Amino acid sequence: MTFSIVAFDPDSGSSGIAVASKFLAVGAVVPWGRAGAGAVATQAMANLSYGPQGLDLLANGLSADHAVAQLTDADDEREHRQVGMVDTQGRGATFTGGSCLDWAGGQAGDGFAIQGNILAGPQVVAAMADTWKERAGEAFERRLVAALAAGDQAGGDRRGRQSAALRVWREGAAYGGVLDIAIDLRVDDHRTPIDELGRLLDLHELYFGRPDPASLLPLEGPLAVEVAARLETLGYLTGAGLVEALDTWASTENFEERLVPGKLDPVILEQLRHQAAS
């Protein structure tokens, strides 16, 4: 009752999963990952222990296909299971038990594994794989969501839509740099969950994306005058210098990840202009 893509990005060292289902809060069940190990999607009659156990196997050096084989060989209910896995060498593996409800199957390749059950047909997995390969130049998380959307457009879960999730793991990538969860977005119950997931990803990029160094503007001259005026309009400049006022406004609006000393991210400037004009 689910379709997913599990993938590894060698450029950033990220592992990630995008998943959708006619199932409440699929993001709480299917996707598992760990920086330095890889990622696991456990679905159909999901065995949640496949997640942590699979990651332990990967972290101990097993390849994705050997880890999948070890998990399923030890499981008496394996014919009802479906699992996709990718390791940090980019080896993908997928397994679909013979008792999974039609249509069920998967496809694995260099850096990815795609799988689904109770789907409209094999075209769902094929569309996801084609899109993943065609979007090779795009940001990793965008490729994952694009592949998921392609599967949905090809028919997706034949029972309908309800939830979707995107999770990406990379060492030290969490807010504050302590944990390894780079992105954790979940749409638990929605009429168009993949569209909503895309909207949340846009917001994630707005708030937590790092500014492009080539686009940064020197905070001086006419720009500094404009920024000061707009901060004053919003009530932030009273009794504070420009830098302090800008820091306070940005932190209040959750844009602190985009602050650069002596510079201004055009994304922040656009948001400041919009707020001051409202």
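See above for the structure.
Everything numeric here is computed off the predicted structure, so don't read it as measured data.

Undergrad: How do you make sense of the nonpolar core when you look at a structure like this?
TA: As a rule of thumb, nonpolar side chains are buried together in soluble globular proteins. Membership of the largest hydrophobic core comes to 29 residues, with the highest contact counts inside it found for Phe3, Ile5, Trp132, Leu144, Leu148, Leu166 and Leu197. When contributions to this core are tallied by element, the ones reaching two or more residues are β1 (2–9), β2 (14–21), β8 (112–117), α3 (123–134), α4 (140–153), β9 (163–169), β10 (181–187) and α5 (193–208). By residue number, the principal contributor to this core is α4, which donates 6 residues. Residues contacting Ile5, with those up to four places away along its chain left out, are Gly16, Ile17, Ala18, Ala113, Ile114, Met128, Trp132, Leu144 and Ala147. Core analysis: the next-biggest nonpolar cluster, separate from the first, contains 16 residues, Leu219, Leu237, Leu246 and Ile268 among them.

Undergrad: Hey, could you run me through the packing of aromatic side chains in this one?
TA: Two aromatic rings are characterised by how far apart their centres lie and by the angle between their planes. This model, assessed by the stated rule, comprises 5 aromatic pairs. When the ring of Tyr175 is compared with that of Phe208, the centres are 6.1 Å apart and the planes differ by 75°; the resulting orientation is edge-to-face. Remark: Phe208 occurs in helix α5 and Tyr175 occurs in the loop between β9 and β10; sequence separation between them is 33 residues. On the basis of relative accessibility, which here comes to 54%, the residue Tyr175 falls in the exposed class. Classification of Phe208 by relative accessible area gives partly exposed; the value is 38%. Aromatic side chains Trp249 and Phe255 sit 5.7 Å apart centroid to centroid with 45° between the ring planes, which places their arrangement in the tilted category. Taken individually, Trp249 and Phe255 each receive the classification buried, so the pair is uniform in this respect. Here the aromatic cluster, defined as three or more aromatic residues joined through ring pairs, consists of Tyr175, Tyr207, Phe208, Trp249 and Phe255. Above the plane of the ring of Trp132 lies Arg143, whose end atom (NZ or CZ) is 3.6 Å from the centre.

Quick notes on the rules
Residues numbered from 1 in each chain as written. Predicted model: local features only at pLDDT ≥ 70, side-chain atom pairs only at ≥ 80, totals over all residues. Heavy atoms only, no water. Core = buried A, V, L, I, M, F, W, Y, C linked by side-chain atoms within 4.5 Å. Buried < 20%, exposed > 50% of the residue type's maximum accessible area, 1.4 Å probe, protein only. Helix = DSSP H or I, 4+ residues; strand = E, 2+ residues; numbered from the N terminus. Contact = heavy atoms within 4.5 Å. Phe/Tyr/Trp six-rings, centres within 6.5 Å; stacked < 30°, edge-to-face > 60°. Lys NZ or Arg CZ within 6 Å of the ring centre and 35° of its normal.

Geometric descriptors of this kind do not, in isolation, establish any biological role.
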